[in-house]
Every structure is written in C-alpha cells, then in structure tokens.
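Residue strings, one per chain:
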Amino acid sequence: MRNMIMAVAAVSTIALGLGAAPAAQAALPIIVGACDVSDLSPAAIDCAGWYDGNLLNNSGTHVADQQEALALLGFDWDGDWTAVDATKIAGGGGDYKTYDFPGLLDGLTYVGIHKGKGDDGFEGTAFFKLDADNLDVFTLNLKGGSDAVLYFTGGSVVPEPATWAMMIIGFGAAGSMLRSSRRRRALAAF
C-alpha cells in the first residue's frame, strides 16, 4: 500500500509538469483612458483598459495583447481566434452602442470592446468581466462604440491537461485500492 501511495505521488509530480510553461508577458499598449465598470450597462464587475488603438483582431501582437489584458481580469484565453464571437456594430459616431451577441450571456462573461473617438476624444480598446444572468444585450455608456468580441460566457472553463492527468491518476489509484481490498476479503474468506 505504501509503495502504491509513493508511486501515485511520483506520477502526480510528473503530471503536474505536463502543463505549458507560462508565456512571456507582452507589454500592453499605453492606456489612453481609464476604464470603469460603469462603462457598461448593466455594470461589469471588473475591467482593463482603455488601451491605445483597436486590439480586437487576430494579428500576432494583438492576440498577445488580448491574452495579457484578459489575464488581468483572471481569464486565461488560449488565443484561439476561431473560438470567439467577433461582432461588428454597424454605424459610428456619437451614439451609445448596444451589443447583442447571438444567444444569451450567462455566468462569468469576458468581452473586449473597441471605441472610436467620442466626446472624450480618445480611441481605444477595453476588456470587461461581467457576471451575466441570462443577459440578452448590454450597452457601452461611452460614445463611439465599435467592434466587440465575446471571449467566453457561462459554464466552466475546460480543465488544463495536468488537471485531467491528476484526475485520471486519482481514479486509477482509487480503483486499484478497491480491487486490492476486494482481493484481500476474498482470500480471507477462502
């Protein structure tokens, strides 16, 4: 039994090393305006930005910028641009913009919004963390709203490979212990 526990501990230590090494931190563009949770209605629970320019595309440096800004909000985005919903909002100018993604937003939700120059005179990109409860639409309370990207909404984040490895090892160890205890009982009865 002791040897089995030692083996599980050794394999667990090795499995933890399966996770990817953290990526080098990129330097985000300069902040041209301070974001506020009240920039959205309903209000967000956290925000990062307004960073200079439109960062909402799949070019290499902009993907890294998006990943770093989202990490500041506690979300680890893998950079897979095909997995996001990028919405281009028609029209421009001074109106406040309402964003309506297909489907309801529910649970922790992460979005990025680009705005052009409005009354405040700056153009930039901000990232927001919302606690959505079957939210159909939300509004940017600043003028000049433009593109928006939905990175994640609701559910739970898929576990990392190291977490899956630990779960598989744990289930295997539990099964092995059950089998050995069944064998001991069968031998004792014999």
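Enquirer: Explain the nonpolar core to me, using residue names and the numbers behind them.
Expert: Within soluble globular proteins, side chains that are nonpolar generally end up buried alongside one another. If you look at the biggest cluster of nonpolar residues, it comprises 22 residues, and the most contacted ones within it are Leu40, Trp50, Tyr99, Phe101, Ile113, Phe128 and Phe138. Secondary-structure elements contributing two or more residues to this core are β2 (46–52), β5 (105–115), β6 (124–135), β7 (138–140) and β8 (145–153). Grouped together as the second largest cluster of nonpolar side chains are 17 residues, Leu56, Leu73, Tyr110 and Phe152 included.

Enquirer: Describe the environment of Leu72, naming the residues involved and giving the relevant values.
Expert: Mapping Leu72 onto the fold places it in helix α2 (residues 60–72). With 55 residues separating them in the primary sequence, Leu72 and Phe127 have C-alpha atoms 9.4 Å apart. Among all residues touching Leu72, those that are not within four sequence positions of it are Leu28, Asp46, Ala48 and Tyr51.

Enquirer: Got a sec to walk through α2? Specific residues and values, please.
Expert: Over its 13 residues, α2 extends 19 Å from the first C-alpha to the last, a length consistent with the 18 Å expected when each residue adds 1.5 Å. Taken together, the buried positions of α2 are Val63, Asp65, Gln66, Glu68, Ala69 and Leu70.

Enquirer: Tell me about the pairing of β2, residues and numbers included.
Expert: Taken residue by residue, a regular strand's side chains alternate between the two faces of the sheet. Most of β2 is tucked away: five of the seven residues are buried. When β2 meets β6, the two strands line up antiparallel, connected through six bridges. Counterpart to Asp46 in the pairing with β6 is Lys129.

Enquirer: Tell me about the pairing of β8, and name the residues and values.
Expert: Here β8 lies mainly inside the structure; eight of its nine residues are buried. Taken together, the three bridges between strand β3 (residues 85–87) and β8 define a ladder with antiparallel strand orientation. The residue of β8 that forms the bridge with Ala86 is Val149. By the bridge criterion, six bridges tie β5 to β8 in an arrangement that is antiparallel. Counted as the bridge partner of Thr109 is Thr153 from β8.

Enquirer: Before we move on, can you summarise the sheet that holds β6 with the specific residues and values?
Expert: Think of a sheet as strands paired side by side through backbone hydrogen bonds, with each pair either parallel or antiparallel. Strand order in this open sheet of five strands is β2-β6-β5-β8-β3, and the pairing throughout is antiparallel. Each of the sheet's edge strands pairs with one partner strand only, and the pair in question is β2 and β3. In this sheet, neighbouring strand axes are inclined to one another by 25° on average, regardless of whether the strands run parallel or antiparallel. Along the sheet, α2 contacts β2, β5, β6 and β8; its crossing angle with β2, the most-contacted strand, is approximately 150°.

Enquirer: Quick one: what's the story with the confidence of the model for the chain, residue by residue and with numbers?
Expert: Per-chain confidence: the chain averages 79 in pLDDT, with 77% of residues scoring 70 or above. Note that pLDDT drops below 50 for residues 1–25; the model gives that stretch 18 contacts with residues more than four away or on any other chain.

Rules used throughout
- Residues numbered from 1 in each chain as written.
- Predicted model: local features only at pLDDT ≥ 70, side-chain atom pairs only at ≥ 80, totals over all residues.
- Heavy atoms only, no water.
- Core = buried A, V, L, I, M, F, W, Y, C linked by side-chain atoms within 4.5 Å.
- Buried < 20%, exposed > 50% of the residue type's maximum accessible area, 1.4 Å probe, protein only.
- Helix = DSSP H or I, 4+ residues; strand = E, 2+ residues; numbered from the N terminus.
- Contact = heavy atoms within 4.5 Å.
- Expected span 1.5 Å × (residues − 1).
- Pairing = 2+ DSSP bridges.
- Axes fitted to C-alpha atoms, helices over the stretch in contact; angles between N-to-C directions.
- pLDDT = per-residue confidence, 0-100.

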